[in-house]
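Given next are the chains, with one letter for each unit.
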Amino acid sequence: MSLEEILESPRLMMKLSFSPVMLQLMEEACKPEPDFAVLGQIISMDPALSATILTLVNSPFYGLSQEISDLKRAAIVLGTRELLNLAVTINYQKHVSSAVEDDSYKIYNDWILTVWGAIAAQLIASRICPEHADKVYLCCLLKDISLLFLRSAAPEELPAGADMESIARSYPGQEEAEIDAWGINHGALSKFLLARWKMKTLECPALQHHHAIDDLDSFDLPTQAVILATRWAEMELGNSTSPFNVLQFEILLQNSLDMKEDAIEGFRAVCRTKFQSMLKILGMEEGGEETHFYNHSIKSLQSSYFLSLELLTAEGGVKSIARMIARHVKLNWDIADWELALKSPHSDSYTIYRSTESGVDKGGDRLSVNELQLGRKGCSIDILSRSVLFGRFVCSAKGLSAEEKDWLRLYFRFIGQAYEHYCARQHLIEDRAATLENLPLGIATLDAHGNLVDFNEEMGRFLGGATVSGKKDFGEVFKTGLGMELGRGWTEFLDSVDRPSFSKIMCVTLRTGGIPRDACIYVSAYRQSRGDGKMISVVMENIRDVSESQVLALKQRDFLEGLVESMRDVVLTVDRRGNINYASARFSKVFLGRNIFDIASPGETFIGRWGPEIFDQKKSVLEVLLKRTDTAGRPFELVISSLAGPGDRHLIVARDLTHIRRLEDKLKRQAIFDGLTDLFNHTQFNTLLAREIARSRRTGRPIGLLFFDLDGFKSVNDTEGHQAGDEVLKNVADILKAELRAGMDFPCRYGGDEFGVIVTEVRSEALEKIGNRIRLRVEKKFSGRVTISGGMTVIRDGDTPELMLSRADNATYKAKDTGGNALVWAD
C-alpha cells in the first residue's frame, strides 16, 4: 500500500486521529490569547487529565513553594498558556501511547526524545525569541507525529534505515531516504497530517526543518530553537551517540545562545528537572540512566574527552593503550587492581591485560567475543563505540562513590570512541609497513647531497651486499655494486633542488648469491622534507621478468607522475567514503590520509547532501572551501571524475581560486564605488535612492536628498591642472564621509563635479543642518576658492527616484542663480 493510499484510507487515518478534547485544546492553543474559562471547561471533560495536571504543577517541574489545589489558581501562578501546554502534552502522550503501542513497539524511547525536545525548545526560545516560546513548544511536541502514525498504521512504508524501536531518532541519509520514498520529509508529512486532523491553525515552519542543524544560521529564531532542541534531545539521550559529538554540541549550544559554561550547565539542570518530573507524573519510569549524557556535567564530559585524546597519540602497540588507561584510572579514581580486554586493530579477537605491581602485564591470549570472560569480579564496563565492542574493563569499585562510578563509565565511553580512531589509524600504518616489507623493493634514504643514510635488506642485496659505515655516495655505491653509472640525470637531480624526482630503467648484472645474473632495474628517487632538513628517498625494483609492454607502461607511469607533480593544481584520488589515498607529492603531507568531506565544505551554490552522493555522477564540478592546514581555508574548484578499474575510486583535481576571487572582489568594488573618490558611483546612486524610497514607503520613516555641484571647480582645472582638480574632488569626498552617518547616509559621486547624498530617517530641519555643515566645511577647506551650490528635498507621497532627483537638480540651478555657495529647497 502506497503512502497516497494510506492517507486516503479513513480506517488508517483514524488510527492516530485526535479526540475531541485534544482538538479543542489545540484550537485554544492556536489563539493569540487562550481563554481560561474555555480551557477549564475542556479540561473538566476529563477528570484524569485535571488530576494529572495538578500533580505536575506541584512537582519539581515548577518548584513552587506552596501547593496548588485548583486549576484556576494554577492558571494565575503559571499562566493560562503554560497550563494549556501541559494539558496538550498529557493528552497527546496518553492518546499516542494507546494508539501506537503494541507487543513489538513501546513508545518510551520516542517519548523521551519528544519530551526533552519540547521542554528544551521552550527554554531556548524563551532566551532567543520569548514571544514564540509557547508555539515552539507545541511544534517540537508534534514534529514527529508522522513517524508515529506510520509506525502504527503502515510500518512497511518507513525507509529501511529507520530504527523501528526508536522511530523519532534521526539517522544518516534520513531526509534523502524519506524524499525518495514519499517525495517529502517526515516534517512536511507531519504538517500535512495535522492539517488533515483539523489542526491547520498550527502554523509552524520549523516542522519541515527540525533536523537541519548544518543550516542553522539560515533559519529564523523559532526554527533555530526547534532545530537546537531536536539535536539536544538526541545528544543527551543517545545510548549510541558518539561522546565527542555530545561535547561538540554543548559548545555549539553555548555559542548559539551566547551563554557561558556555568549558565549552560544551569540550563541543562532546568531541562533535566522538568524532563524527569514529566516522565514521573505520566507514569513512565526513567530508564537507561547510565547511557544518558544529561546525568553528567559539562566539566566531566570535558575531563573525559581530554583524557581520551591521549590515545590518539599512542605509539608502541595496543599495550601502550593499556598503560595509558592504567595511568588514568590510578590518577583519577585510585584504581590499581583491574583487568582490561582490548580488541585487536586487525581482527575481531581480544587481548587481556592485567594490573601488576610493576605496571601492566599481558595476561591472556587473543580471544573471540564469545570467549571474552575476565577473571576478576566487580564493576564491569564495556568499551563501546557505535555499538561495536572494543573491549571490557573490570575492577573493584570499593571506595568509589556513585558519582565517581558514573564518571568512570563516562570516561570509558570516550575511550571507546578514541580507541576506535586509534585502531583505524594503527591498522592503516601496520598494513602499509607489512605491504612494504613483502614487496621486492630496495629502499634507501639519502641526505640532500646523495650520501647513504639508511637502506633495507633488499637494497643491500641490489648493491652487492653494501653496508652503511661513514659517508658513502649512493652513485658510487651503485656503480661498485651494479657496474653501471646512474648517469648525468642523477648528477643534475642532486645539483638542482628544484627538480623533485629522478627515474631510470637500466639493464644491469646483479652479483648477489655468488652467481652473476642479468636484471632490468627501475630506479626512482624523490625529494622529501623530514624534520629540519631535506632528504632523498630511493626505490629500486627488479623488473627483468616483466614484458616489454609492461616496461613501457612503467615508463609512461613515470612520465605521468612527473606531469602531475609539475601541475599547480592539487591532484587527489579518493575512495567512495572520501578518504584520500593519493595526493600529488607537493601536497601529500597536507592531504594524504584525510577525508575530503572533513577538509572541504561546499560553497553557497551547492545543493544536496555533502557526502559520498556527489560521486554518483560520472563527472561533476563544484566550488568548495578547502582547508590545507588548520587555517580558515581557501576557495578551490573541484573537478571530480570516476576512475575505471577495480574499486569505487574517484579522481579529484583541485584548482586554487584565491586569485580569481580577489579579482572578482576588485571588479565588484569597481562596479559599486567611484575609483577616484571611493564614494558610491552613479549607478549605485540610482540603486540606493530607489531602495531607500521603497524602504521609506514600507516603514514610514522619511528620507532626504542633497544634490550639489562645485562652484569654482572648472577654474581649478583650467589654471592648476586636472591633478589639482582630482585632489579637490577627493577632499570633498573626505568631508562627506566625515559629516555623514555610516550605514545610514549614502554619499555618491553623480558625475564630474556633481555629488548626491541620500540621507535616511531625516526631516527638513535636520537635512538643512547637515547640508550647511557640508557647505561651510567645503568653503573653509578651500578658503572660498571652491564652494558648493545645491538643492535639497525630502520624500513626498508618490515620489519616484526620478522625481526626487529632478526636484533637487532644479533647486541646484536656483542656488547657482543666487550667486553660488548656497543651498536651496526644492519646494
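Everything in this summary refers to the structure shown in the same document. Fair warning: this is a prediction, and the values are worked out from it, not measured in the lab.

### Notes on the overall build of the chain
Alright, step 1. A tally of regular secondary structure across the chain gives 30 helices and 21 strands.
Alright, step 2. For the chain, buried positions account for 47% of its 827 residues.
Alright, step 3. In the chain, once contacts between residues fewer than 6 apart in sequence are set aside, the share between residues at least 24 apart is 57%.
Alright, step 4. When the accessible surface of the chain is totalled, it reaches about 41,500 Å², and 51% of it is carbon and sulfur.

### Details of the pattern of salt bridges
Alright, step 1. The full count for this structure, using the stated rule, is 33 salt bridges.
Alright, step 2. Two residues, Asp616 and Arg576, come together in a salt bridge whose shortest N-O distance is 2.8 Å. A residue pair is termed long-range when its members are at least 10 positions apart, and Asp616 in the loop between strand S13 (600-602) and strand S14 (619-626) and Arg576 in the loop between strand S11 (570-574) and strand S12 (580-583) qualify at 40 residues.
Alright, step 3. We classify Arg576 as partly exposed; its relative accessible area is 29%.

### Brief notes about the side chain of Glu236
Alright, step 1. With respect to the helices and strands, Glu236 occurs in helix H13 (residues 221-236).
Alright, step 2. On the accessibility criterion, Glu236 (0% relative accessible area) is buried.
Alright, step 3. In this structure the side chain of Glu236 is engaged in a polar contact, spanning 2.9 Å, whose partner is the side chain of Arg268.
Alright, step 4. Reaching out from Glu236, the side chain makes a polar contact with the backbone nitrogen of Tyr294 at a distance of 2.9 Å.

### Let's talk about a nonpolar patch on the surface
Alright, step 1. Judged by side-chain polarity, Leu64, Ile76 and Val77 come together as a nonpolar surface patch covering roughly 240 Å² of accessible area.
Alright, step 2. Assignment of secondary structure puts Val77 in helix H6 (residues 71-78).
Alright, step 3. A residue is classified by how much of its surface remains accessible, and Val77, at 37% relative accessible area, is partly exposed.

### Some details on the pairing of strand S17 (residues 703-711)
Alright, step 1. Most of S17 is tucked away, with nine of its nine residues classed as buried.
Alright, step 2. Relative to strand S19 (residues 754-760), S17 runs antiparallel, the two being bridged by seven bridges. Across the sheet, residue Leu706 finds its bridge partner in S19, namely Val757.
Alright, step 3. Here eight bridges tie S17 to strand S20 (residues 787-794), and the two strands are oriented antiparallel to one another. Each bridged residue has a counterpart across the sheet, and for Leu710 the counterpart in S20 is Ile788.

### Some remarks on the packing of helix H4 (residues 36-44) against helix H7 (residues 80-100)
Alright, step 1. Where H4 contacts H7, the two axes come as close as 11 Å, and the packing angle between them is 25 degrees. Here H4 is positioned roughly parallel relative to H7, judged by the angle of their axes. Between H4 and H7 lies a crossing whose hand is left-handed. Seen from H4, the contacting residues are Phe36, Leu39 and Ile43; seen from H7, they are Thr80, Leu83, Leu84 and Ala87.
Alright, step 2. Here the residues of the contact of H4 with H7 sort into six nonpolar, one polar and no charged.

### Describing the sheet that holds S20
Each strand in a sheet pairs with its neighbour through backbone hydrogen bonds, running either in the same direction (parallel) or in the opposite one (antiparallel).
Alright, step 1. Strand order in the open sheet made by the five strands is S18-S19-S17-S20-S21, with mixed pairing throughout. Only two strands of the sheet have a single neighbouring strand rather than two, namely strand S18 (745-751) and strand S21 (822-825). Neighbouring strand axes in the sheet, compared pairwise and without regard to direction, differ in orientation by 20 degrees on average.
Alright, step 2. Sitting on the sheet, helix H26 (residues 682-699) is in contact with S17, S18 and S19, with an inclination near 140 degrees to S18.

### Notes on the environment of Arg327
Alright, step 1. Of note, Arg327 is situated in helix H17 (residues 318-333).
Alright, step 2. A C-alpha to C-alpha distance of 9.9 Å links Arg327 and Val360, two positions 33 residues apart in sequence.

Quick notes on the rules
Residues numbered from 1 in each chain as written. Predicted model: local features only at pLDDT ≥ 70, side-chain atom pairs only at ≥ 80, totals over all residues. Heavy atoms only, no water. Helix = DSSP H or I, 4+ residues; strand = E, 2+ residues; numbered from the N terminus. Buried < 20%, exposed > 50% of the residue type's maximum accessible area, 1.4 Å probe, protein only. Contact = heavy atoms within 4.5 Å. Areas by Shrake-Rupley, 256 points an atom, 1.4 Å probe, with all protein chains shown as cover. Salt bridge = Lys/Arg side-chain N within 4 Å of Asp/Glu carboxyl O. Polar contact = N/O pair within 3.5 Å; in protein donor to acceptor, adjacent residues only side chain to side chain. Patch = residues over 30% accessible without salt bridge, like charges linked within 9 Å, V, L, I, M, F, W, Y side chains within 5 Å. Pairing = 2+ DSSP bridges. Axes fitted to C-alpha atoms, helices over the stretch in contact; angles between N-to-C directions. Parallel < 35°, antiparallel > 145°, perpendicular 65-115°, else oblique. Left-handed = near helix turned anticlockwise from the far one by under 90°. Nonpolar A, V, L, I, M, F, W, Y, C, P; charged D, E, K, R; others polar.

On their own, these measurements won't tell you what the molecule is for.
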